[in-house]
Amino acid sequence: MNYRHAYHAGNFADVLKHAVLVWVVRYLQQKAAPLCLVDTHAGMGFYALTDKAATKTGEAKDGIQRLAAAENIPVALVPYLELVRKSNPGSEIEHYPGSPWLMAALARPSDRVIACERHPEDGVALRSQLGLKRAVQIVEGDGYQALAALVPPREKRGLVLVDPPFEETDEFETLAGSFIAAHRKWPTGTYMLWHPVKDLRAVARFHAELVNANIRKLLTVTLDTGRTEPGLSAMGLVLCNAPFTFETEWRPAVAALAKVLAQGPRAGSAIERLTGE
Ligand SMILES: C[S@@+](CC[C@H](N)C(=O)[O-])C[C@H]1O[C@@H](n2cnc3c(N)ncnc32)[C@H](O)[C@@H]1O
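Not measured: the values here are computed from a predicted model.

**Student:** It is not clear to me how the overall build of the protein should be interpreted in this structure. Could you clarify?
**Tutor:** Across its full length, the protein holds 10 helices and 10 strands. The C-alpha atoms of the protein give 17 Å as radius of gyration, which agrees with the globular expectation for 277 residues (19 Å, within 12%). Each principal axis of the C-alpha distribution contributes one length, and for the protein these read about 40 × 40 × 40 Å. Looking at the protein as a whole, 55% of its 277 residues qualify as buried. Considering only contacts in the protein between residues 6 or more positions apart, those separated by 24 or more positions represent 76%. When the accessible surface of the protein is summed, it comes to about 12,600 Å², and 52% of that surface belongs to carbon and sulfur atoms.

Here is the structure:
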């Protein structure tokens, strides 16, 4: 396990993933019934953008720090940006909250957050960041295994984020298999699956596997920064059971975000339906 999210915290991929996460959780919270929020690959939870790892790559400069400096932020992104600002004592964005931190910040007294992390050091960091929060349960171990055991949650409502590091060559297959199995047990949950967009054929195979599993209400969101230098240039999310207003709200938001985060002329975004109702 070489991947450490501290090198990538606050990059363009975090911005879209976390902005969508915050928006979806807040949408689900329009109903009073409790939610279970599961983060299968949680990372450390909170990151200093001034530390050695983050400054080595400087990825946050082309991510959250650009967004924070931009004008006319799309309304769908505002709650996310407010949470990021809240986690920074000053006006500069020097700290960055990861997905389990955002879930914990959003959790109401009746909601539950379960955050899984397999890397021993990052697991310890995650526990020290969030372990004392009332609503949060930390699982130091395999998030895929945990997911199989956790669904359906007793709340019967909620969201699962699966955000693997894609270090393994079969990560797309593992991600698809794990999601399909979880969906069979809990078809009404909302799911967000993150993946890099590097090998377009691998992405197409992944999408085809989900479609062939007969899963309804699947949407894809893609953001391409147009970066031509080495490093990640594009990412995708697969959403299952997204709120019905998602497409209307996010089509302009993700297009505006692609402009803010563009690193080359080929930058762009797309929201597509993989399967219908
Ligand atoms: C992309 S990072 C997660 C970032 C985090 N979700 C966020 O948005 O702030 C992926 C994390 O998954 C962890 N990881 C890798 N394999 C795992 C597994 N099988 N189960 C749980 N965590 C795993 C890595 O150590 C890494 O911290």
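**Student:** Explain the pairing of strand E9 (residues 234–240) to me, please; I cannot follow it from the model alone.
**Tutor:** Looking along a regular strand, one sees the side chains alternate between the two faces of the sheet. With seven of its seven residues buried, E9 lies for the most part within the structure. Burial along E9 is two-sided: Ala234, Gly236, Val238 and Cys240 and Met235, Leu237 and Leu239, pointing in opposite directions, are all buried. Across six bridges, strand E7 (residues 190–196) lies against E9 in antiparallel orientation. By the bridge assignment for E9, histidine 195 is matched with glycine 236. Summarising the sheet, strand E8 (residues 218–224) and E9 pair through seven bridges and their orientation is antiparallel. From the neighbouring strand, leucine 219 faces E9, where its bridge partner is leucine 239.

**Student:** Explanation requested: the packing of helix H1 (residues 12–28) against helix H4 (residues 78–86) in the structure shown.
**Tutor:** Each pair of packed helices can be summarised by the angle the axes make with each other and by the distance between the axes. It is at 8 Å that the axes of H1 and H4 come closest, and there the two elements cross at 110°. Comparing their axes, H4 and H1 come out roughly perpendicular. Of H4, the residues touching H1 (which contributes Asp14, Val15, His18, Ala19, Val22 and Arg26) are Pro79, Tyr80 and Leu83. Split into classes, the residues belonging to the contact of H1 with H4 amount to six nonpolar, one polar and two charged.

**Student:** Is there a simple way to explain the site of the ligand in this structure?
**Tutor:** Neighbouring the ligand are 21 residues, the closest being His18, His41, Glu117, Asp142 and Asp163. In this structure, histidine 41 approaches the ligand through a main-chain N or O atom, which is 2.7 Å from a nitrogen atom. Within the side chain of serine 99, one N or O atom sits 2.8 Å away from a nitrogen atom of the ligand. For the shell around the ligand, the per-class residue count stands at four nonpolar, 10 polar and seven charged.

**Student:** Looking at this structure, how should I read the side chain of threonine 40?
**Tutor:** Tracing the chain through its elements places threonine 40 in the loop between strand E1 (36–39) and strand E2 (46–48). Side-chain polar atoms of threonine 40 contact the side chain of histidine 41, separated by 2.7 Å. Other than its neighbours up to four places away in sequence, threonine 40 contacts Cys116, Gly143, Leu147, Val160, Leu161, Val162 and Asp163.

**Student:** Looking at this structure, I do not really get a negative patch on the surface. What am I missing?
**Tutor:** Judged by side-chain charge, Glu167, Glu168, Asp170, Glu173 and Glu209 come together as a negatively charged surface patch. Considering the arrangement of structural elements, one finds glutamate 209 in helix H9 (residues 200–212). Residue glutamate 209 is classed as partly exposed on the basis of its relative accessible area, which comes to 33%.

**Student:** Help me understand the sheet that holds strand E6 (residues 158–162), please; the structure alone is not making it clear to me.
**Tutor:** Adjacent strands of a sheet form backbone hydrogen bonds with each other and so pair up, either parallel or antiparallel. Across the sheet, which stays open at both edges, the eight strands sit in the order E5-E4-E1-E6-E7-E9-E8-E10 with mixed pairing between neighbours. Both edges of this open sheet fall to strand E5 (136–140) and strand E10 (268–275), since each of them pairs with a single strand only. For this sheet the average axis-to-axis angle between neighbouring strands, irrespective of direction, equals 15°. Alignment of E6 against E7, held across four bridges, turns out to be parallel. Residue pairing for E7: leucine 159 is matched across the bridge by threonine 190. Relative to E7, H9 is tilted by about 160°, and along the sheet it contacts E7, E8, E9 and E10.

**Student:** Is there a simple way to explain the layout of surface pockets in this structure?
**Tutor:** If a probe as big as a water molecule is rolled over the atoms, it shows which places are left empty. Reported here for the second largest pocket is a volume of approximately 340 Å³. Lining the second largest pocket we find 16 residues, and of these Leu28, Lys31, Arg157, Thr190 and Asn241 sit closest to its centre. The class makeup of the residues in the lining of the second largest pocket is seven nonpolar, five polar and four charged.

**Student:** I would appreciate a short explanation of the nonpolar core in the present structure.
**Tutor:** Side chains of a nonpolar character, in soluble globular proteins, are inclined to be buried together. By size, the foremost hydrophobic cluster in this structure holds 94 residues, and its most contacted members are Leu16, Ile64, Leu239, Phe246 and Trp250. With 12 residues, H1 is the single largest residue contributor to this core. Leave out the neighbours within four places in its chain, and isoleucine 64 touches Gly10, Val15, Leu49, Tyr80, Leu81, Val84, Ile93 and Tyr96.

The rules we used
Residues numbered from 1 in each chain as written. Predicted model: local features only at pLDDT ≥ 70, side-chain atom pairs only at ≥ 80, totals over all residues. Heavy atoms only, no water. Helix = DSSP H or I, 4+ residues; strand = E, 2+ residues; numbered from the N terminus. Rg over C-alpha atoms; globule rule 2.2 N^0.38 Å. Buried < 20%, exposed > 50% of the residue type's maximum accessible area, 1.4 Å probe, protein only. Contact = heavy atoms within 4.5 Å. Areas by Shrake-Rupley, 256 points an atom, 1.4 Å probe, with all protein chains shown as cover. Pairing = 2+ DSSP bridges. Axes fitted to C-alpha atoms, helices over the stretch in contact; angles between N-to-C directions. Parallel < 35°, antiparallel > 145°, perpendicular 65-115°, else oblique. Nonpolar A, V, L, I, M, F, W, Y, C, P; charged D, E, K, R; others polar. Near = heavy atom within 4 Å. Polar contact = N/O pair within 3.5 Å; in protein donor to acceptor, adjacent residues only side chain to side chain. Patch = residues over 30% accessible without salt bridge, like charges linked within 9 Å, V, L, I, M, F, W, Y side chains within 5 Å. Salt bridge = Lys/Arg side-chain N within 4 Å of Asp/Glu carboxyl O. Lys, Arg positive; Asp, Glu negative; His and termini not counted. Charge placed at Lys NZ, Arg CZ, Asp CG, Glu CD. 1 Å grid on protein atoms, 1.4 Å probe; cavity = no way out; pocket = protein on both sides within 12 Å on 5 of 7 lines; lining within 4 Å. Points joined across faces, edges and corners; volume = space filled by probe spheres on them. Core = buried A, V, L, I, M, F, W, Y, C linked by side-chain atoms within 4.5 Å.

The analysis is restricted to geometry; functional conclusions fall outside its scope.
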